[in-house]
Amino acid sequence: MTYAITQTCCNDATCVAVCPVNCIHPTPEERAFGSTEMLHIDPRACIDCGACADACPVDAIFPVDSLSAGQREYADINAAYYEGAEPLAAEVEGPNFHAWGEPVFERNLPSDFGPLRVAVVGTGPAGMYAAQDLLLHTAAEVTLIDRLPVAGGLVRYGVAPDHPATKKVGDTFSRFHSHPRVRMHLGIEVGRDVTAEELSAHHDAVVYAVGASTDRRLGVPGEDKPGCLSATAFVAWYNAHPEAAAQGVDLSAERVVVVGNGNVALDVARILVADPEALAATDIAAHALDALRASRVREVVVLGRRGPEDAAYTRSELLALKHVPGVELVVDDHDPRTAAVIDAAGAGDRAGALKGLARVRTDAAYPTGGERRIVLRFHSEIREIRGEGDGVSSVRVTDGGGDGDGGGTADLGAGLLLRAIGYRGIPVPGLPFDEASGTVPHEGGRVAGVPGSYVVGWIKRGPSGGIGANRTCAAETVGTLLADAVAGELPAPTGDAKAFRRLARQRNRRVVDARGLAAIDRAERDRGRRDGRPRVKLATVEELVATARSGRLLRLTR
C-alpha cells in the first residue's frame, strides 16, 4: 500500500522534510517547487510509514486504499507525475533509506547575539510563517499586529467553509499566539492607530504581511450597479468578516454569473449551489447560511476569457467540483475551440479533466427546474452589465465563432454578477508602493529605501500562490532580515515593548491581546457546539471586542 496527496495539499513541504525515503516531490530544493499545483508521492518508492500523513498540516495525505470515491483519482495523479522517471534506487547501504545532506541552518543568529524585537503586521499565513521562522530559529521577541480584533487573516476569512481540512493549518499557527516570546495587539491598524515610523521606533525590524485586500475591476459599463459585487466581498460575507454587511448579498435570482476562472471563482460558484444543510456543518457565517437556505439560485455560469487549456484554477479544485452532491458540472460549447481543446487533451492536462462532462448551450433565459448546475463557459469575455434601475438583469458577453475576436455577443439573463479576476494590494502608509503591480518594492523581502522594514506574502510577490507558498516566501524574508541584523544594518529602536504597549492602548482602547483572542475562540466553539457546528463566528467588531474583554475579565476574577 502507498500514500497519496489529495486536493487540499497546501504545498508548504512539511511532508517532504519527514519522508525517510525522499519519495515526495518536488522538494523546495528542486526547480519545479512552487510551479506545480501540488506535491506528489512516488508510489514505487513509498514505504507506507505514514510519516507524511502525520506531519501534514491540512490532512491532505491518505493511504490509497482508504481514498473515498471522490479522491481515488488522486492516486493516479500522484503516480502520473512520475511516469517516465527512473525509480529511486537505494542510495546508501545501512540503516538509512537514503543519503541525507549535511544540516543547514540558514536562518539563525550568532550565539552571542542579543534577541531581536520584531513586529509582524498581519496574522494570516504569510505573517505567521514569518513569526514561526523567527521563533523557532532565533531568540527573537515577536509582536503580532492585525487591524482586525481577531487573528487568522486568509485562513479565517479567505478559505471556503466547506474546506475544513485547509483551515486546519490555522491550528499550526495558533500555537504561537500564546508563545512566551510573543506579544499580541489585535485591532491596531498601521496608518490609523500607529504610524510605520512609530512601529519601527519600538522594534529592531518590522515585517509587513498585509496581503492583497482589494480586487481588480472589470472596466465595463454597469459595473457599479448594486447587483455587481467582487468575489472578495462575497467571500468576506460568507466567512463572517466583520467588515462585510450581513444583508449585503441578494440571492433572489435563479442565475448568477461569475467572471474569472481561478480557484476563487470555483469557490464562490460551489458555495452558491451547494446544499445548505451540508454547509450547516461548517463554520459558514450564520447570516450567509440563512440566505443560502432561502436562495433561488439554480445555475452559476463561470466565464473564462481564455480557453480551458489556460484556465487559472488548479486541476485539484476542478476535480473536487465534479463531486459536489446534487450539483451538475457542465461545459458551455458555444465556441468550437472549447470542444476541440478538450477532445485533444491528455489525461494529465488541465483541459483533460473536463472530458466526460455534458456540453450545453446557455441562453438568455434562466434555467427552470432540474438539478442545480455550474456551467464553465470559456472564450467568453464580458462586455456590459445591464439592468433597469439599480439591479442587474443580464450580462452581455462575447459569443462563439472561434475567429479569434469572440464572434458576436449574447445576453445571459442574471440577477447577480461576481467578479473574481484577481486580488490587488493597497498602499501601506509610510512604505513605497508600485501601483502597476500592487506590491511594495523590495529586494529579497527588504523594503526599498526603508531600513528595518520587510515584506512577505502577497504584498511582496503579488497575489499568486496558496497558503504553503508563504512558507518559502517567509524563509527568504526572514533570511534577509537576519543577514541585515548580523551586518549591523538594522536601525536601533528608541522605545521598548512596554512603551509600545502603552502607545497602542492610548491610541485604541479596544486592543485585543492573546487572552482576549483565546476568549473569542472559546466563545465561538461553545456557540458551535450548541448548533452542532465546529464554531459559529462572531461577525462584528463589537461582538469580537466585547467577547475578548468579558472572557479576559472572567479569567482575571477567578
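You'll find the structure just up there.
The structure displayed is predicted, hence computed values, not measured ones. (Residues numbered from 1 in each chain as written. Predicted model: local features only at pLDDT ≥ 70, side-chain atom pairs only at ≥ 80, totals over all residues. Heavy atoms only, no water.)

Caption draft 1: Highlighting the overall build of the protein. Per the secondary structure count, the protein includes 19 helices and 23 strands. Relative to a compact globule of 558 residues, whose C-alpha radius of gyration would be 24 Å, the protein shows 25 Å and is just as compact. The long-range share in the protein, meaning contacts at least 24 apart out of those at least 6 apart in sequence, stands at 75%. Here the protein has roughly 24200 Å² of accessible surface; of this, 50% comes from carbon and sulfur atoms. Positive and negative charge centroids in the protein, built from 62 and 73 side chains respectively, lie 7 Å apart. (Helix = DSSP H or I, 4+ residues; strand = E, 2+ residues; numbered from the N terminus. Rg over C-alpha atoms; globule rule 2.2 N^0.38 Å. Contact = heavy atoms within 4.5 Å. Areas by Shrake-Rupley, 256 points an atom, 1.4 Å probe, with all protein chains shown as cover. Lys, Arg positive; Asp, Glu negative; His and termini not counted. Charge placed at Lys NZ, Arg CZ, Asp CG, Glu CD.)

Caption draft 2: Structural context of helix α16 (residues 469–486). Taking 1.5 Å of rise per residue, the 18 residues of α16 would be expected to cover 26 Å, and the 26 Å separating its terminal C-alpha atoms lies within 8% of that figure. For α16, every residue scored as buried is listed here: N470, C473, A474, A475, T477, V478, T480, L481, L482, D484 and A485. Positioned one or two residues after α16, G488 has a phi angle of 75°, which is positive. (Expected span 1.5 Å × (residues − 1). Buried < 20%, exposed > 50% of the residue type's maximum accessible area, 1.4 Å probe, protein only.)

Caption draft 3: Fine view of the sheet that holds strand β13 (residues 327–332). Read from one edge of the open sheet, 7 strands run β10-β19-β11-β12-β15-β13-β14, paired in parallel fashion. Unpaired on one side and paired on the other, β10 (228–230) and β14 (358–360) mark the two borders of the sheet. Averaged over all pairs of adjacent strands, the angle between strand axes in this sheet comes to 25°, irrespective of strand direction. Two strands pair when backbone bridges link them, and strand β11 (residues 255–259) and strand β12 (residues 299–303) are joined in this way by 5 bridges, in the parallel orientation. The partner of V259 across the bridge, within β12, is L303. Packed on one face of the sheet, helix α9 (residues 231–238) meets β10 and β19 (416–419) and runs near 75° to β10. Lying over the sheet, helix α10 (residues 263–273) contacts β11, β12, β13, β15 (372–377) and β19, oriented at roughly 155° with respect to β15. (Pairing = 2+ DSSP bridges. Axes fitted to C-alpha atoms, helices over the stretch in contact; angles between N-to-C directions.)

Caption draft 4: How the structure looks around the side chain of D42. Among the secondary structure elements, D42 is positioned in the loop between β3 (40–41) and α2 (51–55). In this structure D42 comes out as buried when scored by relative accessible area, which is 2%. Reaching out from D42, the side chain makes a polar contact with the backbone nitrogen of R44 at a distance of 3.0 Å. Apart from residues lying up to four places away in sequence, D42 is in contact with T2, C23 and Y82. (Polar contact = N/O pair within 3.5 Å; in protein donor to acceptor, adjacent residues only side chain to side chain.)

Caption draft 5: The sheet that holds strand β17 (residues 394–399), seen in detail. Pairing is antiparallel in the open sheet, where 3 strands are placed in the order β16-β17-β18. Single-partner strands in this sheet number two, and they are β16 (382–386) and β18 (408–413). Neighbour-to-neighbour, the strand axes of the sheet open up by a mean angle of 25°, direction not taken into account. Inspection of the sheet shows β17 paired to β18 by 6 bridges, in the antiparallel sense. The partner of R396 across the bridge, within β18, is D411.

Caption draft 6: Summary view of the nonpolar core. Grouped together as the largest cluster of nonpolar side chains are 121 residues, with contacts concentrated most on I24 and Y238. Those residues in contact with Y238 that sit more than four places away from it in its chain are A160, P161, D267, V268, I271, I284, A285 and A288. If you look at the next biggest cluster of nonpolar residues, it comprises 21 residues, including V190, V194, F433 and I459. (Core = buried A, V, L, I, M, F, W, Y, C linked by side-chain atoms within 4.5 Å.)

Caption draft 7: Structural detail: the side chain of T8. Take T8: it is sitting in the loop between β1 (3–5) and α1 (14–18). Residue class for T8 comes out buried when judged on its relative accessible area of 15%. Apart from the residues within four sequence positions on either side, T8 is in contact with V58, D59, A60, A165 and T166.

Caption draft 8: Structural detail: the pattern of salt bridges. Inspection of every chain in the model, using the stated rule, returns 38 salt bridges. The salt bridge partner of D59 is K168, with a shortest N-O separation of 2.5 Å. Separated by 109 residues along the polypeptide, D59 in the loop between α2 and β4 (61–63) and K168 in the loop between α6 (164–167) and α7 (169–174) bring together distant segments of the chain. Close ionic contact of R192 with D193 constitutes a salt bridge, the shortest N to O distance being 2.7 Å. Several salt bridges converge on common partners, so that one network encompasses R156, D521, E524, R525 and R535. (Salt bridge = Lys/Arg side-chain N within 4 Å of Asp/Glu carboxyl O.)

Caption draft 9: Inspection of the packing of aromatic side chains at higher detail. One pass over the structure, following the stated rule, counts 5 aromatic pairs. Taking the centre distance of 5.6 Å and the plane angle of 40° together, the rings of Y423 and W458 count as tilted. On the criterion of sequence distance, the pair formed by Y423 in strand β20 (residues 423–424) and W458 in helix α15 (residues 458–461) is long-range, its members being 35 residues apart. W458 carries the same exposure label as Y423, and that label is buried. An aromatic cluster is present here, built from F234, W237 and Y238 joined pairwise through their rings. (Phe/Tyr/Trp six-rings, centres within 6.5 Å; stacked < 30°, edge-to-face > 60°.)

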